[in-house]
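What follows is each chain in one-letter form.
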Amino acid sequence: MVAPSAAAVGRPRRIGRRVVVISFVAFQLAFIVRAYWAPHREFGYQMFPEASTWRADIVRVTTDGRRVPIDDDWGDYRWNDLAGVRGLAFPWREHHADAGIDNQLAFLDEALDWVATNTPDDLETSYLQADVTSSRNGRPVETTVLRSEPRDLP
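Residues numbered from 1 in each chain as written. Predicted model: local features only at pLDDT ≥ 70, side-chain atom pairs only at ≥ 80, totals over all residues. Heavy atoms only, no water.

**Q** Explain the pattern of salt bridges to me, please; I cannot follow it from the model alone.
**A** Should their charged atoms come close, side chains of opposite charge can pair. Tallying each qualifying case throughout the model produces eight salt bridges. Residue arginine 67 pairs with aspartate 131 through a salt bridge whose shortest N-O separation is 3.1 Å. Note that arginine 67 is positioned in strand β2 (residues 67-69) and aspartate 131 in strand β4 (residues 125-135), a separation of 64 residues in sequence. For arginine 67, a relative accessible area of 45% gives the class partly exposed. One salt bridge connects aspartate 122 with arginine 151, and the closest N-O pair in it is separated by 3.5 Å. Residue aspartate 122 is located in the loop between α3 (101-117) and β4, and its partner arginine 151 is located in the segment after β5 (142-147); the two are separated by 29 residues in the primary sequence. Aspartate 122 gets classed as buried once you look at its relative accessible area, which sits at 6%. What makes arginine 151 buried here is its relative accessible area of 15%. (Salt bridge = Lys/Arg side-chain N within 4 Å of Asp/Glu carboxyl O. Helix = DSSP H or I, 4+ residues; strand = E, 2+ residues; numbered from the N terminus. Buried < 20%, exposed > 50% of the residue type's maximum accessible area, 1.4 Å probe, protein only.)

Structure follows, in structure tokens:
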């Protein structure tokens, strides 16, 4: 029996290494390109972030149509305890949008849904609504309205 030459044994390894390196680089490039369309822009580093600001007036819309600010009495619930992460504490104050307005709006929209879903003792709120005013890089103020998913109440 004839032993394979060293060149024949090394060729599949070289091809395998090239496939691994090319695949790795392709995945990294795909993550970077995806960051421009993703709401939270993971892997989308920007050296000079937006100089944008935002503030939100969040209300609970009750079953009878009343609009109750979230900082009013709400049983044992407090907005800052429920959604005080990722820069969402005290939304009625003006904040810098660290990773951009779109990213902040995506987090706030998700927080509205999470709070609406995770307040089971609140039997009067139909949905949460945030009226967000923002200024993107010093441009004129824009207003965006975000709503949580409607709640199923007994």
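That was the structure; now back to the text.
**Q** Can you help me understand a positive patch on the surface in this one?
**A** Positive charge collects at one region of the surface, where Arg11, Arg13, Arg14, Arg17 and Arg18 lie side by side. For arginine 18, the position within the fold is in helix α1 (residues 6-34). (Patch = residues over 30% accessible without salt bridge, like charges linked within 9 Å, V, L, I, M, F, W, Y side chains within 5 Å. Areas by Shrake-Rupley, 256 points an atom, 1.4 Å probe, with all protein chains shown as cover. Lys, Arg positive; Asp, Glu negative; His and termini not counted. Charge placed at Lys NZ, Arg CZ, Asp CG, Glu CD.)

**Q** Sorry if this is basic, but what is going on with the environment of glutamine 104 here?
**A** Within the secondary structure, glutamine 104 sits in helix α3. Residue classification places glutamine 104 among the buried residues on the basis of a relative accessible area of 8%. Residues glutamine 104 and threonine 53, 51 residues apart in the sequence, show an inter-C-alpha distance of 9.8 Å.

**Q** Looking at this structure, I do not really get the side chain of arginine 151. What am I missing?
**A** Reaching out from arginine 151, the side chain makes a polar contact with the backbone oxygen of threonine 125 at a distance of 3.0 Å. Sequence-distant contacts of arginine 151, that is, excluding residues within four places in its chain, are made with Ala116, Thr119, Pro120, Asp122, Thr125 and Ser126. (Polar contact = N/O pair within 3.5 Å; in protein donor to acceptor, adjacent residues only side chain to side chain. Contact = heavy atoms within 4.5 Å.)

**Q** Even after reading the chapter, I still don't get the nonpolar core, so can you show me in this structure?
**A** Here is a general trend for soluble globular proteins: nonpolar side chains tend to be buried in one another's company. Of all hydrophobic cores here, the largest spans 22 residues; its most connected members are Trp54, Ile58, Trp79, Leu108 and Val132. Looking at this core, the elements with two or more residues in it are β1 (53-62), α2 (79-83), α3 and β4. Considering each element in turn, this core owes the most residues, eight residues, to α3. The residues contacting leucine 108, other than those within four sequence positions of it, are Trp54, Ala56, Ile58, Trp79, Leu88, Ala130, Val132 and Leu146. (Core = buried A, V, L, I, M, F, W, Y, C linked by side-chain atoms within 4.5 Å.)

None of this, on its own, says anything about what the molecule does.
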